[in-house]
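Breakdown of the fold
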Amino acid sequence: MQSFGAVAELLAQTFWRRVPNQVVTTVTLLHLLFTLLRNQGPSSPVSLLARRLRPSSTMSSAASPVLSVVPSRALVDETFRVTVQNLPPGSAVTLHSLHRSEDEDLWEAYGHYVSDQWGSVSVADDFSFGGTYTGKEAMGLLWSMRPVPGSCKGLRLRKKNVCTPQLVHISVYDGHVEEGFTERPPLASVLSERWFIGPGVRRVEVQEKGVRGTLFIPPGPGPFPGVMDMWGGGGGLVEYRSALLASHGYASLALQYFAAGELSASKEFEYFETAFNVIRLHPLVSPDRVGILGLCLGAIITNHLAAESTVIKPRCCVCVSGVHICPRGASLTGIYKAMVANAHKTQVDENNQEIWRYRLLPISGDLAKKIDVGKINCPMLLVNGLDDQNMPAVEAAEDMAHMMRAAGKDHLLTRIEYPATGHLIEPPYSPHFRATKFMKKSTREKVILLWGGQTKSHSDAQEDSWKKILAFLQQHLYSNDPTGAKM
């Protein structure tokens, strides 16, 4: 039989392996004893001790637990504090979040906690010992959200109506629960509102000079710096990032350049120049302080406009998960056809999810097959994930840096790259979408595309990159000194 000294050694080894560099508390050791039961026999010292000291899973009827979420109403990129009080000390509880999307899909996240000696749990300060996230993660109940078990494969959570909040139900349950949340009553619940659009931001539909989109204008008299915001090849009008940018002081145009499932030959680069001037000439926009933000295909267009346009001169550009691989002088449809032409390079993983990054590899040394980024004259911020399975964005960023260096423009380029991060780098605390459904434009076939990334690392990258994007825009669109490019 193991001695209690051996039990203590086993506890110590387990603790330092799971939560290094932390102070051992009584509650933490109790939880570890409970966890060790999985690997111990029923008559072992660990099991006998744990039975006597295991965290309580029965709530006292003397006082009801009090759950609070502060602030209960906030922008999606703002943090909140989730706390539970009036629990018996050493109680095992589960904090759970639930959101019903506009597509009627359910998304959830949860963490396992043990209350401290005062009967309290703080999601920001205490460790989650299991669930969809572990460790100290103040926003884990949001960024680790995933479709509930039994949902369709390949779902993606995207806000359509930014004039309404994302409603997230935060609940606390007795014990460490892993499933069946909707079948059991919570100890307490709170409704949290997460908004993409801040108070006073105006939403204006744009149908001017053939341009389609939505302009979001910050509160106040202006004039404001402007941003033309473009998403990728999924199509449609995506407003939520522009609404959030306006909430931070930028007049932002969410530009629709083809409808979902459509790529119109009429939408050539003149369309984007016209759209840029629509926002630049708006009476509430500073005409010499307009930048461009693009993701994926939107980033390719951003690179092209910055390098080739003689009509517009963006003050700065942000390219997320994009490349400069584009036949020189090609139209928008020409870019898309060039990508489709390499469809034979598509790979699939063990789950039959398509990997497209190899379609554009290797990057050619032929300058005629690339945008001449050496002609760019404005500060550029490239944000990429090292596990992007859709675009060779990191390889392209390296080649862009080489081209700009050769042209004496490397001082204009700032690169940020994140490990274990995929293609879809969204605003902070958004769920990580490793693989989702996608409709191929050429065949109308629906497939599952692998975007890449690991949830924790990808979520950290989303939080950090958003701060750096806002800092970059602040530096170059609000500053009176536009000369410096490096952050």
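Residues numbered from 1 in each chain as written. Predicted model: local features only at pLDDT ≥ 70, side-chain atom pairs only at ≥ 80, totals over all residues. Heavy atoms only, no water.

Here the focus is the overall build of the protein. Helix and strand counts for the protein stand at 10 helices and 21 strands. Among the 487 residues that make up the protein, the fraction classed as buried is 56%. Long-range pairs, those at least 24 residues apart, make up 70% of the contacts in the protein with a sequence separation of at least 6. Carbon and sulfur atoms make up 52% of the accessible area of the protein, which amounts to about 20800 Å² in all. (Helix = DSSP H or I, 4+ residues; strand = E, 2+ residues; numbered from the N terminus. Buried < 20%, exposed > 50% of the residue type's maximum accessible area, 1.4 Å probe, protein only. Contact = heavy atoms within 4.5 Å. Areas by Shrake-Rupley, 256 points an atom, 1.4 Å probe, with all protein chains shown as cover.)

Relative to the helices and strands, Q256 resides in strand 13 (residues 251-256). With residues up to four places along the chain from it excluded, the contact list for Q256 reads R212, G213, G236, L237 and Y271.

Moving on: the layout of surface pockets. Reported here for the second largest pocket is a volume of approximately 590 Å³. Around the second largest pocket, the lining is made up of 19 residues, and of these R146, P147, H432, R434 and A435 lie nearest the centre. Along the lines of polarity and charge, the residues of the lining of the second largest pocket split into eight nonpolar, eight polar and three charged. (1 Å grid on protein atoms, 1.4 Å probe; cavity = no way out; pocket = protein on both sides within 12 Å on 5 of 7 lines; lining within 4 Å. Points joined across faces, edges and corners; volume = space filled by probe spheres on them. Nonpolar A, V, L, I, M, F, W, Y, C, P; charged D, E, K, R; others polar.)

Moving on, we get to the state of the cysteines. Counted according to the given criterion, the structure contains zero disulfides. Free of any disulfide, C317 has its nearest cysteine sulfur in C378, 3.9 Å distant. Here C317 falls in the buried class, since its relative accessible area comes to 0%. (Disulfide = S-S within 2.5 Å.)

Okay, the sheet that holds strand 18 (residues 380-385) next. Strand order in the open sheet formed by eight strands is 10-11-13-12-14-15-18-19, with mixed pairing between adjacent strands. Strand pairing shows two members of the sheet lacking a second neighbour, strand 10 (202-208) and strand 19 (413-418), which therefore form its edges. On average, adjacent strands in this sheet sit at an angle of 20 degrees to one another, irrespective of strand direction. Across the face of the sheet, helix 7 (residues 297-308) comes into contact with strand 12 (224-230), strand 14 (285-295), strand 15 (317-320) and strand 18 while running at roughly 135 degrees to strand 14. (Pairing = 2+ DSSP bridges. Axes fitted to C-alpha atoms, helices over the stretch in contact; angles between N-to-C directions.)

Now for the packing of aromatic side chains. In this structure the tally under the stated criterion is 12 aromatic pairs. The interplanar angle of 45 degrees and the centroid separation of 6.1 Å between the aromatic rings of F269 and F272 together place this pair among those described as tilted. Of this pair, F269 and F272 are both found in helix 6 (residues 269-280), three residues apart, which corresponds to roughly one turn of the helix. By the burial criterion, F269 is buried, and F272 matches it. Among the aromatic residues, those joined into a cluster by ring pairs are Y257, F269, Y271 and F272. One residue, R241, lies across the ring of W231, its end atom 4.1 Å from the ring centre. (Phe/Tyr/Trp six-rings, centres within 6.5 Å; stacked < 30°, edge-to-face > 60°. Lys NZ or Arg CZ within 6 Å of the ring centre and 35° of its normal.)

It is worth spelling out the environment of D388 at this point. Here D388 shows up in the loop between strand 18 and helix 9 (393-406). Taking relative accessible area as the criterion, D388 reaches 2% and is therefore assigned buried. Among residues more than four places away in sequence, those in contact with D388 are S321, R357, A393, T421, G422, H423 and W451. Within the structure, the side chain of D388 is placed 3.0 Å from the backbone nitrogen of M391, a separation counted as a polar contact. (Polar contact = N/O pair within 3.5 Å; in protein donor to acceptor, adjacent residues only side chain to side chain.)

Side chains L67 and V69 project from strand 1 (residues 66-70) onto a buried face, and the interleaved V66, S68 and V70 project onto a face without burial. As paired elements, strand 1 and strand 3 (residues 81-85) share five bridges and run antiparallel to each other. Paired with V70 across the bridge in strand 3 is R81.

This next bit is on the sheet that holds strand 1. Hydrogen bonding along the main chain pairs the strands of a sheet, whether they run parallel or antiparallel. In spatial order, the strands read 1-3-6; together these three strands make up an open sheet with antiparallel pairing. A single partner strand is all that each edge strand has here, and the edge strands are strand 1 and strand 6 (121-122).

For I371, the position within the fold is in the loop between strand 17 (354-355) and strand 18. C-alpha of I371 to C-alpha of E308: the two residues are 63 residues apart in sequence and 8.1 Å apart in space. Among residues more than four places away in sequence, those in contact with I371 are I300, N303, H304, A307, H324, C326, R328 and M403.

Applying the stated rule across the entire model yields six cavities of 30 Å³ or more. There is about 200 Å³ of room inside the largest cavity. If you trace the largest cavity, you find 18 residues lining it, with L157, Q166, Y429, S430 and P431 closest to the centre. Of the residues that constitute the lining of the largest cavity, the class distribution is 11 nonpolar, three polar and four charged. A volume near 80 Å³ is recorded for the second largest cavity. In terms of lining residues, the second largest cavity is bounded by D229, M230, W231, G232, G235, G236, V238, A254, L255, Y257 and F258.

Here we take up the confidence of the model for the protein. Overall, the predicted model of the protein reaches an average pLDDT of 87, with 83% of residues at or above 70. Between residues 1-54, whose pLDDT stays under 50, and residues either more than four places distant or in other chains, the model counts 65 contacts. (pLDDT = per-residue confidence, 0-100.)

The subject of this paragraph is helix 7. A rise of 1.5 Å per residue sets the reference length of helix 7, with its 12 residues, at 16 Å; its end C-alpha atoms lie 16 Å apart and thus fit the reference within 8%. In terms of burial, helix 7 is largely enclosed, as 11 of its 12 residues are buried. The set of residues buried in helix 7 consists of L297, G298, A299, I300, I301, T302, N303, H304, L305, A306 and A307. (Expected span 1.5 Å × (residues − 1).)

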